[in-house]
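# Architecture and fold: a report
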Amino acid sequence: MTQTFIPRVFSGIQPSGGLTLGNYLGAIKRFVDMQENGGFETVYCMVDLHAITVWQNPEDLRRNTRELCAGFIASGIDPEKSILFNQSQVPEHVQLAWIFNCVARMGWMKRMTQWKDKAGKNTENASLGLFGYPALMAADILIYHATHVPVGDDQKQHLELTRDIAAKFNNDFDVDFFPITEPVIEGAATRVMSLRDGSKKMSKSDPSDLSRLNMTDDADALAKKIRKAKTDAEPLPDSIEGLEGRPEARNLVNIYAALSDSNAEAVITEFSGHQFGTFKPRLVDLAIEKLAPISNEMSRLMQDTSEIDKILARGAERGRTIAAPILAKTYDIVGMLR
Ligand code: TYM
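Residues numbered from 1 in each chain as written. Predicted model: local features only at pLDDT ≥ 70, side-chain atom pairs only at ≥ 80, totals over all residues. Heavy atoms only, no water.

### Quick word on the overall build of the protein
Of regular secondary structure, the protein possesses 13 helices and five strands. On C-alpha atoms alone, the protein measures out to a radius of gyration of 21 Å, which is about the 20 Å that the 2.2 N^0.38 rule sets for 338 residues. Taken along the three principal axes of its C-alpha coordinates, the protein extends 70 × 45 × 45 Å. Within the protein, the proportion of its 338 residues that are buried is 50%. As presented, the protein carries roughly 15800 Å² of accessible surface, and 50% of it is formed by carbon and sulfur atoms. Of the side chains in the protein, 39 bear a positive and 45 a negative charge, and the two mean positions are spaced by 4 Å. (Helix = DSSP H or I, 4+ residues; strand = E, 2+ residues; numbered from the N terminus. Rg over C-alpha atoms; globule rule 2.2 N^0.38 Å. Buried < 20%, exposed > 50% of the residue type's maximum accessible area, 1.4 Å probe, protein only. Areas by Shrake-Rupley, 256 points an atom, 1.4 Å probe, with all protein chains shown as cover. Lys, Arg positive; Asp, Glu negative; His and termini not counted. Charge placed at Lys NZ, Arg CZ, Asp CG, Glu CD.)

### Some words on empty space enclosed by the protein
Empty pockets left among the atoms are what a rolling probe the size of a water molecule brings to light. Applying the stated criterion across every chain, the model contains three cavities of 30 Å³ or more. In this structure, the largest cavity occupies an estimated 60 Å³ of space. Together, Gln114, Trp115, Lys118, Leu130, Tyr133, Pro134 and His158 line the largest cavity. At the level of secondary structure, the elements contributing two or more residues to the lining of the largest cavity comprise helix H6 (113–119) and helix H7 (128–142). (1 Å grid on protein atoms, 1.4 Å probe; cavity = no way out; pocket = protein on both sides within 12 Å on 5 of 7 lines; lining within 4 Å. Points joined across faces, edges and corners; volume = space filled by probe spheres on them.)

### Re the nonpolar core
Leu21, Phe72 and Leu259 are the most contacted members of the largest nonpolar core, which has 60 residues in total. Tallying contributions element by element places helix H12 (residues 276–302) first for this core, with 11 residues. Contact partners of Leu259, with chain neighbours within four places excluded, come to Leu21, Tyr24, Leu25, Leu283, Leu286, Ala287, Lys290 and Leu291. One finds Met112, Ala139, Val149 and Leu327 within the second-largest nonpolar core, a separate group that totals 47 residues. (Core = buried A, V, L, I, M, F, W, Y, C linked by side-chain atoms within 4.5 Å. Contact = heavy atoms within 4.5 Å.)

### Topic: the pattern of salt bridges
As enumerated under the stated definition, the model contains 23 salt bridges in all. For Arg163, the salt bridge identified is with Glu182, shortest N-O distance 3.9 Å. Of this pair, Arg163 sits in helix H8 (residues 156–172) while Glu182 sits in strand E5 (residues 182–184); the two residues are 19 residues apart in sequence, bridging distant segments of the chain. The class of Arg163 is partly exposed, set by a relative accessible area of 27%. Take Glu182: its relative accessible area is 40%, and that puts it in the partly exposed class. The salt bridge involving Glu297 is made with Arg300; its shortest N-O contact spans 2.9 Å. With Glu297 and Arg300 both in helix H12 and three residues apart, this pair spans about one turn of that helix. Glu297 gets classed as partly exposed once you look at its relative accessible area, which sits at 26%. Arg300 sits in the partly exposed class, given a relative accessible area of 48%. Within this structure, Asp209, Arg212, Asp217 and Lys225 form a network of salt bridges that share partners. (Salt bridge = Lys/Arg side-chain N within 4 Å of Asp/Glu carboxyl O.)

Below, the structure is given as structure tokens:
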């Protein structure tokens, strides 16, 4: 018999530095949409165990986890409507990850482009955790039997691996237990690019702070970074095709579209023929209108970290009520005595 699964969303973000506009548009903003509109149960997580696959200063990790939680809430995640917690408080993630370490194959892991990028040339010196990272990610998702996972484009390969792990587990044990999860990679900003180089992803680890908008940037910083964003000398084209070969222009159009809940076509129609001298100030106004309130609310929430800790503890408790029975059933399937 084919099992039916409750429509449930899971997604996570690493507390490994500040939140960027890429995280907001590619992930959190869409998490809020799914919380409000999709008819889903929504589960969102600060993946602190993923963060430590590369070195994290413990004090910074604590601060970043709380700040990320503040970022989720300030952006519209409601801890009553969604389950919101940090990964290490729900030990079932790691317990399932171990099972998946035994299901996933070395060859699958070696093909992960993020492993290759992050480990670089010196793979011998990378942590074992970094190599096994996608098995923990699969466990994050499948410990909730999540059916849908909203992410940015850079996580696509990890989600394909999650499907492979679920399918192999189901097949190895001849069960229909784990769902084959749907990636949800949608909207105008699934891949927000660096403001300094349109061929590179906007990232918290880029050494240049001018390359990204941080969710904690104030209005002056947002304005300065957008004014300095790399562009070309041409006016905006009259069709999407005209953005071909103009990655920086395309990126700013996509950012405008995502911030205004619109799409690139509509933005092009509005600004066709205009120079960046006209477009950029409009983008500055829009970014300040949408992002400054989030940044202000984050600083307000960070003034009471005990409230944040309470929210996370409560979220973890709720998370465990879903995760514990799924782990127990997994152990039964695998043949563990309990
Ligand atoms: P992380 O922490 O690198 O990024 C969090 C989310 O933000 C998205 N994102 C972007 N989207 C568009 N443009 C960008 N420039 C950009 N930069 C980041 C990412 O795609 C992601 O959705 N492995 C994950 C965390 C994770 C996870 C999970 C995600 C752990 N377990 C289970 C989903 C489900 C990661 O490192 O994301």
